[in-house]
Amino acid sequence: MKQTERYLRQATRGLWGRARRDLQTELQGHVNERIQEFRLGGMSAEEAERQALRELGTPERVRSGMLGVHTFPALGKAGALSLLLATTLLTALPQSLAQVKGIYTTNTSTGPASYLNLEQLKAELMKVGGKISSQDANAVITLPGAARPPLPLNSYGFPSPILSKDNVIYIQTEALLYALQNTGLDIRVKGWENPVLMAGQSSIRIKTDDWQVANNLYAATVQTYNSRLWSGLKIPFSLIEPDSLGGNTSLKGQFKQGKIYALVSPKVIHWTGTDEDGKFTSGDLNIVTTVSQAQAGSVQFHVLYGFKDFKLYPSLDAFQAALKPSLDPTKLPYWDADHPRPALILELSGHFGDDAYTVVNPNTIHIK
Amino acid sequence: MPSSPPDSPDANLLRGHLDLILLSIIQGEPKYGLEISKQAQSRTDGYFDLRVGSLYPALHRLEKAGFVRSEFQTAPRSGSPVKVYTLTESGGKELEVRRREFETFSQQLGKLWQLGGIQ
């Protein structure tokens, strides 16, 4: 069944999490059924498998069709790109720029988010044979080796992914990630200080003195693209106001030097919104993801002021089960030493995909 | 003389009416992908030969639109899990609307042929 496995991998590349697993199971079921039918007709196992796969058509065709259906968690309607973008794209760019400046800020269009200097991003992309093109709301990023046509930058949910600050134009990092993700390229974040965003063979080196930029990038690997964390309870991920995580908490344990870890925990904040079906929905909990790079044997996370009394769970399911009682709309959740706040520690791979995180066993962790 | 299957429709024509075809087949008993593609063929004497590569994306699109829902069940022969699709209430309405649209379109087009002398 090597052929089938390869086929399934290729046909579902670019999809993540449950969508990918479900489609693989569905196609595998189709192939298995067909193989049985062919075998009853007297074909050999190998011939039956080949014939079943041949009927399915090329994996590329299945995949390109599927990527058009499954995008990422519903994030609202796309807005129009600012005219400022068009102006910037027409500007000649210096070739010598080596890195892309990243900032973390908030504005009325996106709320708190990280941003990258657009001019520098364009220069960095040009060096690897890619480009940001077009002069209208459908500006797209092209990168070498992409399997499918790029998506416009404004496909991401917020009203505008463009920010002008101190006469510099920035693009929202998550809008860039979203567009890159849709090219089918393998996307990965590496490093912590001045992190590097890899897309296929291309790399975008980010320069920043704000830890929240890297925090935002790594949080995206578990939040935006890996819906299992999110879908179990339908609790939204918190948008973190700049410098709002003013406390810190230290953990000791089997943490590996230089590895990236995340602390995932709920906070109480009333929210309203629309779900994937467009229905009104609301709640009193958000999930906060805060990310940090470990020293050997310890890691320190930025947390909300007053964050204490938490209990670590060994799996996503256990964490979600512990949160369930807090979803009762008739009473606000309250955490103290007797009722500790549920939390997870994740080890992050930096890869956008099913292997974005593994839950760290609480038995290996000592809370300072 | 045995009846030979009619020539397959033009690819664009098929693509344009894929949703209508799929909703029409799924109507009634819940079915999984392989059954759907087989019925498309068998019930039309081979006229609708749906490429499986476009069948599954189309099914997922219909599900996302809320016209069908799906669940995994065990397949009869292989015992593997297969995803079974059922028409939802809104899918039933959609089918009705599209069917009427198609009939009207086809009738109106017929009038043009009559006027033009094509019978």
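Residues numbered from 1 in each chain as written. Chains lettered and ligands numbered in written order. Predicted model: local features only at pLDDT ≥ 70, side-chain atom pairs only at ≥ 80, totals over all residues.

**Focus on the overall build of chain B**
Basically, it comes down to this: Segments assigned H or I by DSSP are reported as helices when at least four residues long, segments assigned E as strands when at least two residues long, and all are numbered from the N terminus. Three exposure classes are used, all based on how many other C-beta atoms lie within 10 Å of a residue's own C-beta (placed from the backbone): buried at 20 or more, exposed at 12 or fewer, and partly exposed between those limits. Here the contact rule is simple: place C-beta atoms from the backbone, and any two residues whose C-beta atoms are within 7 Å are in contact.
Counting its secondary structure elements, chain B contains 5 helices and 3 strands. Counting from the amino terminus, helix and strand elements in chain B follow one another as α-α-β-α-α-β-β-α. Buried positions account for 28% of the 119 residues belonging to chain B. In chain B, the share of contacts with a sequence separation of at least 24, taken over all contacts with a separation of at least 6, comes to 52%.

**A short note on the overall build of chain A**
From N to C terminus, chain A includes 10 helices and 17 strands. Scored against the burial criterion, the 368 residues of chain A give a buried share of 42%. Summarising the internal contacts of chain A: among those between residues at least 6 apart in sequence, 69% fall at separations of at least 24.

**Focus: the interface of chain B and chain A**
Worth spelling out the cut-off: Any residue that is not Ala, Val, Leu, Ile, Met, Phe, Trp, Tyr, Cys, Pro, Asp, Glu, Lys or Arg is counted as polar, Gly included; the first ten are nonpolar and the last four charged.
Each partner contributes to the interface: chain B provides 19 residues, whereas chain A provides 22 residues. Sorting the residues of the side of chain B that touches chain A by element identifies helix 3 (33–42), helix 4 (52–64) and strand 3 (81–87) of chain B as the ones contributing at least two each. Per element, the largest residue contribution to the side of chain B that touches chain A is 8 residues, and it comes from helix 4 of chain B. For the side of chain B that touches chain A, a count of residues per class yields 8 nonpolar, 6 polar and 5 charged.

**Focus on unusual backbone geometry**
Residues and elements named next belong to chain A. Its identity is not glycine, yet Asn167 carries a phi of approximately 65°, on the positive side. Within the secondary structure layout, Asn167 lies in the loop between strand 5 (162–165) and strand 6 (168–172). Residue Asn167 is classed as exposed on the basis of its C-beta count, with 5 C-beta atoms lying within 10 Å. Unusually for a residue other than glycine, Asp309 sits at a positive phi of about 50°. For Asp309, the location among the structural elements is in the loop between strand 13 (298–303) and strand 14 (310–312).

**So, the packing of helix 1 (residues 2–12) of chain A against helix 3 (residues 45–56) of chain A**
All names here are of chain A. Put simply, the rule reads: Simply put, an axis is a line fit to the C-alpha atoms, just over the touching stretch for a helix, and the angle between two N-to-C directions goes from 0 to 180 degrees. Every angle not falling under 35 degrees, over 145, or within 65 to 115 is termed oblique; those three ranges are roughly parallel, roughly antiparallel and roughly perpendicular. Whether a crossing is left-handed or right-handed is set by the direction in which the near helix is turned from the far one by less than a right angle, anticlockwise for left-handed and clockwise for right-handed.
Packing of helix 1 against helix 3 leaves a shortest axis separation of 9 Å and a crossing angle of 20°. Considering their axes alone, helix 1 and helix 3 lie roughly parallel with respect to each other. Helix 1 and helix 3 meet at a crossing whose hand is left-handed. Here Gln3, Thr4 and Tyr7 of helix 1 lie close against helix 3, whose contacting residues are Glu49, Arg50 and Leu53.

**Concerning the sheet that holds strand 6 of chain A**
Residues and elements named next belong to chain A. To keep things clear, this is the line we draw: Pairs of strands are assigned from DSSP output, requiring at least two bridges between the strands.
Read across the sheet, 7 strands follow the order 5-6-2-1-9-8-7 without closing on themselves; strand pairing throughout is mixed. With partners counted over all chains shown, the strands left at the sheet margins are strand 5 and strand 7 (187–190), one partner each. On average, adjacent strands in this sheet sit at an angle of 35° to one another, irrespective of strand direction. Pairing between strand 5 and strand 6: 4 bridges, direction antiparallel. When the sheet's bridge partners are listed, Ser164 is paired in strand 6 with Ile169. Helix-sheet contacts for helix 6 (residues 118–127) involve strand 1 (100–105), strand 2 (113–117), strand 6 and strand 9 (202–207), and the interaxial angle to strand 2 is about 60°.

**Looking at helix 1 of chain A**
Residues and elements named next belong to chain A. As a reminder, the rule being used: Working note: the arc is built from the helix axis to C-beta atom directions.
When we look at burial in helix 1, the residues that qualify are Tyr7, Leu8, Ala11 and Thr12. Along the axis of helix 1, the buried residues cluster in a sector spanning 110°; they form a single face. The exposed residues of helix 1 that point more than 90 degrees off its buried face are Lys2, Glu5, Arg6 and Arg9. Phi turns positive, to about 100°, at Gly14, one or two residues after helix 1.

**Examining the pairing of strand 2 of chain A**
Residue and element names in this part refer to chain A. Along strand 2, 5 of the 5 residues are buried, which leaves the element largely enclosed by surrounding structure. Neither face of strand 2 is left uncovered, since the one carrying Ala113, Tyr115 and Asn117 and the one carrying Ser114 and Leu116 both have all their residues buried. Two strands pair when backbone bridges link them, and strand 1 and strand 2 are joined in this way by 4 bridges, in the antiparallel orientation. Bridge pairing in strand 2 links Tyr104 to Ser114. Pairing of strand 2 with strand 6, which is carried by 3 bridges, proceeds in the antiparallel orientation. Among the inter-strand pairings, Asn117 is bridged to a residue of strand 6, identified as Tyr170.

**Regarding the packing of helix 2 (residues 18–26) of chain B against helix 3 of chain B**
How two helices pack is summed up by the angle between their axes together with the distance between the axes. Residue and element names in this part refer to chain B. Viewed as axis vectors pointing N to C, helix 2 and helix 3 meet at an angle of 100°, and their least axial separation amounts to 10 Å. Between helix 2 and helix 3, the angle is such that the two are roughly perpendicular. Seen from helix 2, the contacting residues are Ile21, Leu22, Ile25 and Ile26; seen from helix 3, they are Ile36, Gln39 and Ala40. Of the residues contributing to the contact of helix 2 with helix 3, the split by class is 6 nonpolar, 1 polar and no charged.

**Quick notes on the confidence of the model for chain B**
Stated precisely, the cut-off is as follows: Across the chain, each position has a pLDDT score giving the predictor's confidence in that residue, from 0 to 100.
When pLDDT is averaged along chain B, the result is 84; 90% of the residues meet or exceed 70. The ipTM for the predicted assembly is 0.85, set against a pTM of 0.56.

**Quick notes on the nonpolar core**
Residue and element names in this part refer to chain A. Quick note on the threshold: Residues of type Ala, Val, Leu, Ile, Met, Phe, Trp, Tyr and Cys that are buried and joined through C-beta atoms within 7 Å form what is called a nonpolar core. Note that the domain bounds were set by an automatic or database domain assignment.
Grouped together as the largest cluster of nonpolar side chains are 69 residues, with contacts concentrated most on Leu116, Ile171, Tyr218, Tyr261, Ala262, Leu346 and Leu348. When residues in this core are grouped by element, the largest group, 7 residues, is from helix 8 (residues 211–223). Two domains each donate at least three residues to this core, and these are domain 2 (83–209) and domain 3 (221–367). When residues no more than four places from it in sequence are discounted, the contact partners of Tyr218 are Val189, Ile260, Ala262, Val291, Leu348 and Gly350.

**Considering the sheet that holds strand 10 (residues 247–253) of chain A**
All names here are of chain A. Pairing in this open sheet of 3 strands is antiparallel, and the strands run 13-10-17 from one edge to the other. On the outer flanks of this sheet lie strand 13 and strand 17 (365–367), each paired with one strand and no other. Averaged over neighbouring strand pairs, the angle between their axes works out to 30° when direction is ignored.

**Structural notes on the environment of A:His339**
Residue and element names in this part refer to chain A. Of note, His339 is situated in the loop between helix 10 (316–323) and strand 15 (341–348). Residue classification places His339 among the partly exposed residues on the basis of 13 C-beta atoms within 10 Å. In this structure, the C-alpha to C-alpha distance between His339 and Phe310, residues 29 residues apart in sequence, is 8.3 Å.

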